[in-house]
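Tertiary structure, described
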Amino acid sequence: MAEAHPVGFQWVMEAKARGAQVIHVDPRFTRTSALANLHVPLRAGTDIAFLGGIVNYILEHGHEFRDYVANYTNAPVIIDERFADTEDLDGLFSGFDPESNEYDPATWTYQDMEVASGAGSREGKLGIAEHHGMLGGRLEHGNPPHTDPSLEHPRCVFQILKRHFRRYTPEMVAKVCGTPPSLLVEVAESLVANSGRERTSAFVYSVGWTQHTVGVQYIRTAAIIQLLLGNIGRPGGGILALRGHATIQGSTDVPTLYNLLPGYLPMPKASDGDLAGYLEEAKLPAGFWGYVDNYLISLLKAWWGDVATQENDFCFDYLPRLTGDHSSYPTMLGMLDGKVKGFFLPGQNPAVGSSNSALHRKAMANLDWLVVRDMAEIESASFWKDAPEIETGELVTERIRTEVFLLPAASHVEKDGSFTNTQRLVQWHHKAVEPPGDCRSELWFYYHLGRIIREKLAGSTDPKDRPVLDLVWDYPTEGEIQEPSAEAVLRECNGVGPDGRAVSGYLDLKADGSTSCGCWIYSGCYADEVNQTARRKPHWEQSWVAPEWAWAWPYNRRILYNRASADPEGKPWSERKRYVWWDEEAGKWTGHDNPDFVATMRPDYDPPEDAQAEKALSGTTPFIMQADGTGWLYVPNGLADGPLPAHYEPHESPFPNLLYGQQANPTRQVFDRPGNRYSPAHGQPGAEAYPYVFTTYRLTEHHTAGGMSRGLPYLAELQPEMFCEVSPELAAERGLEHGGWATIVTARAAIEARVLVTARIRPLEAGGRTVHQIGLPWHWGTNGLSRGDAANDLLGIVLDRNVHIQESKAGACDIRPGRRPRGPELPRMVEDYRRRAERAGAGPDGSDGRAAEPQRGGPGGGKGERA
Amino acid sequence: MSTTTRTFGGGYGDAARPRVGFFTDTSVCIGCKACEVACKEWNLVPPDGPLGFTGNSYDNTMALGADTWRHVAFVEQEVPGAGAGALQPAHPDLAAEAAAAAGLDGPPSAKDGMRWLMSSDVCKHCSSAACLEVCPTGALFRTEFGTVVVQGDVCNGCGYCVPACPFGVIDRREDDGRVFKCTLCYDRLSDGMEPACAHACPTDSIQFGDLDQLRAAADQRLATLHADGVSDARLYLRDEADGIGGAGAFFLLLDEPEVYGLPPDPVSTTRDLPRLWRAAGLAAGALVAGLAVAFAGGRR
Amino acid sequence: MSGAPEPPTPGRSGKGQRVADRPGVSMVPPAEFRSYYGRPILKAPIWTDEVPAYYFAGGLAGASASLALGARLTGNHRLASGALTASAAGILASLPLLADDLGRPERFYHMLRVFKPTSPMNLGSWLLTAAGPAAVGAALADRLGILPRLGRAAEVVAGVLGPGLATYTGVLVADTAVPVWHEAGDQLPVVFAAGAAASAGAAATLLTPAADAGPARRLAVGGALADLAAVEVMRRRLGDLGTPYERPPARRFANLARGFMTAGALAVGLGGRRRTGAAAGAALILAGAACQRFAVHKAGIISAADPAYVVGPQRARLAARDGSRHQPATGA
Ligand SMILES: Nc1nc2c(c(=O)[nH]1)N[C@H]1C(S)=C(S)[C@@H](COP(=O)(O)OP(=O)(O)OC[C@H]3O[C@@H](n4cnc5c(=O)[nH]c(N)nc54)[C@H](O)[C@@H]3O)O[C@H]1N2
Ligand SMILES: Nc1nc2c(c(=O)[nH]1)N[C@H]1C(S)=C(S)[C@@H](COP(=O)(O)OP(=O)(O)OC[C@H]3O[C@@H](n4cnc5c(=O)[nH]c(N)nc54)[C@H](O)[C@@H]3O)O[C@H]1N2
Ligand code: SF4
Ligand code: SF4
Ligand code: SF4
Ligand code: SF4
Ligand code: SF4
Ligand SMILES: [Mo]
C-alpha cells in the first residue's frame, strides 16, 4: 500500500501511531513491509491457503464472534443435501461439468429455497457472473426455510465451513505457502485479539489478491474471516479494495464493463426476451434488489426520454444484448482472428499493460482502424513502427494495414468530473487549466462524436438507427471548445422526478416511467439540485464521520450494512464502537452515520408473508442488498467457481496442490493457441524447464504501463531501468551479478532486466522444496525517456471465470545471467525452451495443450502427489 | 567570527521572522520520493541525468547536489529479530498450545529480520553555515527566516562553498557556472506557504515549522520511540551545542548518521578560522625572518 | 582507514558512479562499512588545476615582492629588479588562472562586493587587488626607469603585503571541510610560505647575476629545506588522515616535489655560484614548489571523496568526547 497508494497510506501510519497493529502479507519485503509491525512472506498465489488457515484457527478455537455470526450471517442456514464439498470430491464441488469446465450451482442452494432463476445459473452459460448477491426464492418471516440457530446441524453453513477448512492447519499452510506456522498463528491471534465487541480489524487488498485465476475467492476468504470476527458494517472494520486508476471504482459503478448496466444491473442477454422476461429474473422478492424495475425503467427513461413508453417496453429492446464473453481478452483474440475490425483505446496501453502484450501488439496490427486517445504517444499507438516484433521480424511495418488515429486527451486537471474511491465516496474535481491545443476530454469526444453521428443519420428510416437517433443527447456545452457540462451528466445519474427536479434518492424512483435516473446507486448525489459531491467542509467543522465531505453512494452512507454495528436488539455492541443504534423513544434508527436500514424498522420487526423487497427482511438482518439479508459465509449462487474458497495452484505453478487432487481452478478460462502457449504446470512433463515463480508489481515511481511516468524526466530518473529483484541465494544458484543483466524466460517470451540482488526477497521452504521467487515491476516499454522490456510479454492469458481478470501475479519462468538475444534469435530461443520442455514430456506431441486443459490436476496431479 | 551568522534575523530589524526549519522524522518515511519530485517541480530544478540504474536499493539519484535538493536514501539491513514480538496474542496460552501443536520454530519475526531505512536528506540550514561564511561575494546569505540561501544574481561560481559544506550539500551546476541548493522555498515562505517538499510528504516525515516548536515535537517523538523500545532512535543536529550550532533542518534517525551518508560529528570549518589566521601570521613572520637571515649573509 | 573501499571517482557532480561501473558488488550492500554505499559525504572541491597553479604563482609573486624590498633596503638593486620582475610575472600569471576557474568569470569583481573577514578568499582578493598593481607597477617603473618615487612606494606596498599573499592561500584551503586540508590548518600556511620563499629565491637566482644573488640563493635553499621539513611535519601530524598523499595522483606530485626540492637545494647550495648550477637548481626548486601545491590540491580531492576520511576522525572525536561509539549523534 505504501508503494502504490502512498497518500492513502498516511492513514495507516496514523492508525499505527494510535496503536494499530499493521500486518503486511506479501511475497516480497516492500516499502509497506518496512513500515508494518509484521511482514508475512508467502509463495505467490497461495493466499487462500493462508487465509483458510486463519479461518480454521478461528473455528477450531471457537474465536468467532458468536452473536454476530449466528444473527447476521448465513451460518445457521441448512444447505441442500445434494451439495458435495471439495473435501468429498477431492477439489471439486458438486455440479461440475468437465465438458464446459463450468459449474451448475443448482446443488449449492439453501434447502428448499428455489434459486433456478438466480443470477449464477443464467450467467454460467455465458461465462459471466454478475448480479451481486441476487437470489430467488422466498423467505419465511425473513428467514430461509431451514436454519439451525445452534449452528450444530451437520448441513448448516457453519458446520460445512468447519469441515471445509479443517485441513488448513498451520503445518499445511507452511507446506503450501512457505510461511512459518508460527507466523500464521501470530497473525490469527492478532486478528482475534483486535476483533469482537470492543475492537475491529480491517483488511486492505488490491491486485496482489485479484490477479489470479482464483482472485475472487481470495476476497471471499477474507470476507469469511471478517464475518466470523464481526468486522463488517462496523467502524474500523471492513474489507477495503484499494482501487487503481483514479475513479476506477466509478467506472465499475457506471460501468465500462461489458456485462453490466449502471448500478450493477445485469446487461440483458440475447435470450432475455422482453422487459417482463428480464425483470422476471432480475427482480428479487426480498431486499433492495426488489426494486430492479424502478431502477431499470428509470435508466431507460434517462436514455430515451419521452420515446420510452409503457407501450414500447420503455425502449428495452434498444439495449444491446449479450451473446457471449465480450471481455477484454477474448475481444483481443477476436482482433487476431479478424473478427474485430475496429477498436477504441481511450486511456489504456495494452501493448505494455496487458498480459501477453506481444499478442496484443500483433492483434492491433491486424485491425482496420484503431482510435487511441491518450496524453502521450504510447506503445499502443506506435507499435506499427517500433514494436519489438519489428526487430524480430514477426511484424513488418509496411504490411501492417491498421489505420491508427492518435487523438490527444485532456488530463484530469484539464476537465471537471468526479472521482469515486474505494469507500464509494464520490468527490468532484474542478478543471484547473484549459486543455492545451487539441487535447479534449472524454466527455467532449463522445458527446461530439455522438452528435456528429446523429447528424449523419438524421432522417434515416432504418430501424437499426432508432436507438441512436432516439437517445436524449442534449447536454449543455460551455466555452469556445464546446465542452459538455459534466455536472449535467452527474445530474442525469442522480435522476429527475415527475416535477422535473432532481430526486433525493433511489427510493423516489418509479417503474411507471414518471422518473428518470442514469445510475440508481448514485441517486441522491445531486439532491436538492446541489452537486453534493463537491462539498468540501473540513473535518474539524463536522462530526468524525464527516458526512459533509463529498458524497458517498448509496444515500451518502459512509459505512455499508451499518445495522451490523448494533446488536440484534439494536444496542451498540460496545460504547467504543457505537455507530448506529435503535432509539426506542424516537422509534427510529439513529447514530453517527445514515442508517442503511429503513429508519423506522424496529429491531424486532417480523416481516409478514406478503411483504416485498426490504420489508421482506427481518429487523435483525443488516445485509439489505442480499435476498436473505445476511452476510454470506457460504455463497449459494452467483459465483462461477464454488460456494466456498478452496486453494488451487496458479495455472503455471511449478508446485503441486497439497490440499486437493485438483491442481488448479477447474473453471479458469484458458486460451491455448499459437502465441499464447502455456508452460507445463507441476505434474506435467517438462515443468522443470521453468522452475522459478515470478510475480509482477508496481513501483511508487512509475504508473502502470508508463505512459504517464516514463516520459517525465523527474520520474524516469527515480527508477530509470527495468530490473528484477532476486534473492542472494538465487543469484548464487544462477550466477546473477548485482547490477548486471539477467534474461527471464517463459513459454511466451524472454525479456532482459538489470539485476537487483536483495535480501528483501527471501527463498521460502515449502513442502520440502525451496521456493525462489523473482520480482518484476511491469512498467517498462519501448517509448519514453526510460525504456525497457515489458514484463507482460512473459505472461500468458489465463483468467478467473468470475471476472475475467488475468493471472498476472503468479507465473513460472527460468532466469539466466546476461542480456537476451536480439532480432530473430529471440523467438528462436523462446522456442528452444518450449521444445526442451516438450521433449522432457511425452514425446513430440507432448504439447502445451496438456497444460491448458483444466483437467483434474493432470497426470500426476492426483492424490499420489500429496506428500 | 561565525557569531555574525548566529544572531538570526540579525540586521533585519522588524522584518526579522521566527527561525523556521525542518524536522525530518525518518521513522515514518515510506520512501515515496514525493518530496524529491515536488522540490524539482516547484523550483524548476533540471533533471539529474544521466539516467542509470545504481543497484543501491531504490536510490537512483544517489546524493544531494546542484540538481537534487531533496534526496531520499534507502538502506537495506538484515537485523535478526527486527520487529520480533510486534504483535501480542489474544490468548497466549492458546497461541502457545497452537504453536506447540505446530512444532514451532523460534520467534517468527526473527526469521524475517529485515529493516529498510528510508530518509529524506536536505540542506541543513546550519546555525553556523560554513558555506555562507566562506562565500567571498556574499551571494550566500541568511534570510529573515534564519535560512541560508544563494543569490543567483551574485554568485560568481568560485566554488568555495562546495568543499566548505560539512554535509556535501551545495554544488555547482556545470552548464550554469553557479551553485545551487535548497532555498527552503524562500519564495513560498515569503508568501506564507509551507515548502513544497513538506507539503507533498504524505506521512509527515518532513515537518516544517518554527524551529523551537519542531525541537519540542522531536523530543516528544524521541521519548515515545524510546518508550516503545526503539532504542536505535536518535536525534541528529538538534543540539545547539554541536559543531554547527544546531541545524535548521534536523533529523530523527534509526541508525548512525554515516549509514545515511551523513557525517557523525560535523563541525563548521570557520570555527577554527581564528586559529588558521594565527598560523598564517606565524608563517608570514617566519618568511620575513627567513629573508632577514638571507640578507644577513651579505650580497654574494 | 585502510579498510575503506576505493572511493568513487569524484565526478565534478560529486555523485560518484553507477553500480555497473563498480565490479565486485554482489548485492545491495549490507550497511557493515558505516557509510552510504561508500559514497562521498563531502563534495570534493570542484577547483581545477588552475587553482594549485595560482597558489604557486601567487606565492611566488608575494615572496618575490618582499625579497625585492629587502634587496632595495640593502642596496642590492640588481637583485631588487630581478625579484620585482619575478613578482610581476607571478601576479600577471595569477589573474587569468583565478578568473578562469570561476563558473562566471565575468563576475570576478563580485569578489569585491563585500569585505568579509570570515572568507579567506574574499580577503585574498582584496590583498591581490592591493599588492598586484603595486608589484606590476613597481616592476615597470624599475625596468623603464620612470616615476622613481611612485615606483619605490609601490615596492614598499607590494613588499609589505607579500608575506600575506604568500600565506593566505594556506588558510583558504584549510578553511574547508576537506579533512586532509582542514586538519593540517596549522602547517599548511607554513608549507605554502616555505614554498613561496623557495620559489622566490629560485626565480631571483635565475634573473640576477650570480654575483648579486647571494640572498636569493640562501632564500631558495632555506625555503626548500623549510618546505621539505614543513611537509614532513604536516604528514606526521595528519597520521592516517595524511594517506591521501600516498594515493594517486597526489602521490606522484608529492614524490616529485620532494625529489625536485632536494635536488634543487643541493644544486643551488653547492653549485649556485656557477651559472649552470644556479639555473638548473633554481628550475628544480621552482618545479618542486609547484608540484607541492599540486600534491596538496590532489590530496584534498581524494580525502573529500572518501567517506572513510570523514567518518573515521569524527567517530574518534565522538568516542573521545563521550567514550562510546554508539552514543546518539546528539545529547538529546
Ligand atoms: N505508484 C503507483 N501507484 C499506483 C499504480 C502504479 O502503477 N504506480 N497503479 C494503480 C493501479 S491501476 C492499481 S490496480 C493499484 C494496485 O496496487 P497494488 O495491488 O498495491 O499494486 P501491485 O504492486 O501490483 O501489487 C501489490 C503487491 O502484491 C504482491 N503480490 C504479488 N503476488 C501476490 C500474492 O499472490 N499474494 C499476495 N498477498 N501478494 C502478492 C506484490 O509483491 C506487490 O507488492 O495501484 C494503483 N496505484
Ligand atoms: N503484469 C501485470 N500486468 C498488469 C498489472 C499487474 O499488476 N501486473 N496490473 C493491471 C492493472 S490493475 C491495470 S489497471 C492495467 C493498467 O494498464 P493500462 O490501463 O493498459 O495502462 P495505463 O498506463 O494505466 O494506461 C492508461 C493510459 O491512459 C492515459 N490517460 C490518463 N488520463 C487520461 C484521460 O483523462 N483520458 C485519456 N484518454 N487517457 C488518459 C495515460 O496516459 C495512459 O497511457 O494493467 C494491468 N496489467
Ligand atoms: S497518485 Fe493520486 S491516488 Fe495515487 S497515491 Fe497519489 S494521490 Fe493518491
Ligand atoms: S548544510 Fe551545507 S550548504 Fe546547507 S547551510 Fe549548512 S553548510 Fe551550507
Ligand atoms: S560559488 Fe557562489 S555561493 Fe559559493 S562561495 Fe562562490 S560566490 Fe559564494
Ligand atoms: S524546502 Fe523547497 S527547496 Fe528546499 S528541498 Fe524542500 S522543496 Fe526543495
Ligand atoms: S520524506 Fe515524505 S515524501 Fe519524502 S520520501 Fe519520505 S515519506 Fe515520501
Ligand atoms: Mo488497476
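Analysis parameters
- Residues numbered from 1 in each chain as written.
- Chains lettered and ligands numbered in written order.
- Predicted model: local features only at pLDDT ≥ 70, side-chain atom pairs only at ≥ 80, totals over all residues.
- Heavy atoms only, no water.
- Near = heavy atom within 4 Å.
- Helix = DSSP H or I, 4+ residues; strand = E, 2+ residues; numbered from the N terminus.
- Patch = residues over 30% accessible without salt bridge, like charges linked within 9 Å, V, L, I, M, F, W, Y side chains within 5 Å.
- Areas by Shrake-Rupley, 256 points an atom, 1.4 Å probe, with all protein chains shown as cover.
- Salt bridge = Lys/Arg side-chain N within 4 Å of Asp/Glu carboxyl O.
- Lys, Arg positive; Asp, Glu negative; His and termini not counted.
- Charge placed at Lys NZ, Arg CZ, Asp CG, Glu CD.
- Polar contact = N/O pair within 3.5 Å; in protein donor to acceptor, adjacent residues only side chain to side chain.
- Contact = heavy atoms within 4.5 Å.
- Buried area = accessible area lost by both parts, 1.4 Å probe.
- Nonpolar A, V, L, I, M, F, W, Y, C, P; charged D, E, K, R; others polar.
- Buried < 20%, exposed > 50% of the residue type's maximum accessible area, 1.4 Å probe, protein only.
- pLDDT = per-residue confidence, 0-100.
- Pairing = 2+ DSSP bridges.

**A look at the site of ligand 6**
Surveying the vicinity of ligand 6 reveals 13 residues, the closest of which are B:C39, B:R70, B:C182, B:C185 and B:C197. Of all the elements in the fold, those that place two or more residues in the shell around ligand 6 are helix 1 (34–43) and helix 7 (196–200) of chain B.

**Quick notes on a negative patch on the surface**
Taken together, the side chains of A:D112, A:E140, A:D606, A:E609 and A:D610 define an acidic patch exposed on the protein surface. Along the chain, the position of A:E140 falls in the loop between helix 6 (119–124) and helix 7 (157–165).

**Quick notes on the environment of A:E394**
Residue and element names in this part refer to chain A. Looking at the element boundaries, E394 is found in the loop between helix 19 (388–392) and strand 11 (403–408). The sequence separation of E394 and A276 amounts to 118 residues, and the corresponding C-alpha distance is 52 Å. A polar side-chain atom of E394 sits 3.3 Å from a polar atom in the side chain of K362. Engagement of the side chain of E394 in a polar contact is seen with the side chain of T392, the distance being 2.5 Å.

**Overview of the interface of chain C and chain B**
Taken together, the 93 residues of chain C in the interface contact 96 residues of chain B. Buried area between chain C and chain B, both sides added, is near 7600 Å², and the carbon and sulfur share of it is 56%. Where chain C packs against chain B, one counts eight salt bridges. Here C:R321 ties to B:D265 by a salt bridge, and the two come within 2.6 Å at their closest N and O atoms. The interface formed by chain C and chain B contains 42 residue pairs in polar contact (both at pLDDT 80 or more). For the side of chain C that touches chain B, the secondary-structure elements that each account for two or more residues are helix 1 (50–73), helix 2 (77–101), helix 3 (120–144), helix 4 (148–174), helix 6 (188–207), helix 7 (214–238) and helix 10 (307–322) of chain C. When the residues that make up the side of chain C that touches chain B are grouped by side-chain class, the tally is 47 nonpolar, 24 polar and 22 charged.

**Notes on the pattern of salt bridges**
Applying the stated criterion across every chain yields a total of 76 salt bridges over all chains. Here A:E389 makes a salt bridge to A:R361, at a shortest N to O gap of 2.7 Å. Of this pair, A:E389 sits in helix 19 while A:R361 is found in helix 17 (residues 357–364), placing the two residues 28 residues apart along the sequence. Judged by relative accessible area, A:R361 falls into the buried class, the value being 3%. The salt bridge involving C:R34 is made with B:E256; its shortest N-O contact spans 2.7 Å. A residue pair is termed interchain when its members come from two chains, as with C:R34 in the segment before helix 1 and B:E256 in the loop between strand 10 (249–253) and helix 9 (273–296). A single burial state applies to C:R34 and to B:E256, both of which are buried. Taken together, the shared-partner salt bridges in this structure form one network comprising B:R115, B:D232, B:D255, B:E256 and C:R34.

**Some points on the confidence of the model for chain C**
Atomic detail in the predicted coordinates should be set aside for any region of low pLDDT. Residue and element names in this part refer to chain C. With 87% of its residues at a pLDDT of at least 70, chain C reaches an overall mean of 88. Contacts from residues 1–25, a stretch scored under 50 in pLDDT, to residues over four places away or in other chains number 66 contacts. Confidence drops under pLDDT 50 across residues 324–332; counting only partners more than four residues distant or on other chains, this segment forms 23 contacts. Overall fold confidence for the complex sits at a pTM of 0.92, while the interface term, ipTM, reaches 0.92.

**Looking at the pairing of strand 20 (residues 692–697) of chain A**
Residues and elements named next belong to chain A. Of all the six residues making up strand 20, six are buried; the element is thus mostly covered by neighbouring parts of the structure. Side chains Y692, F694 and T696 of strand 20 all project onto a buried face; the interleaved residues V693, T695 and Y697 project onto the opposite face, where all are buried too. Direction of pairing for strand 20 relative to strand 28 (residues 811–817): antiparallel, over a ladder of three bridges. By the bridge assignment for strand 28, Y692 is matched with C813. Pairing between strand 20 and strand 26 (residues 773–777): five bridges, direction parallel. In the strand pairing of strand 26, V693 is matched with Q773.

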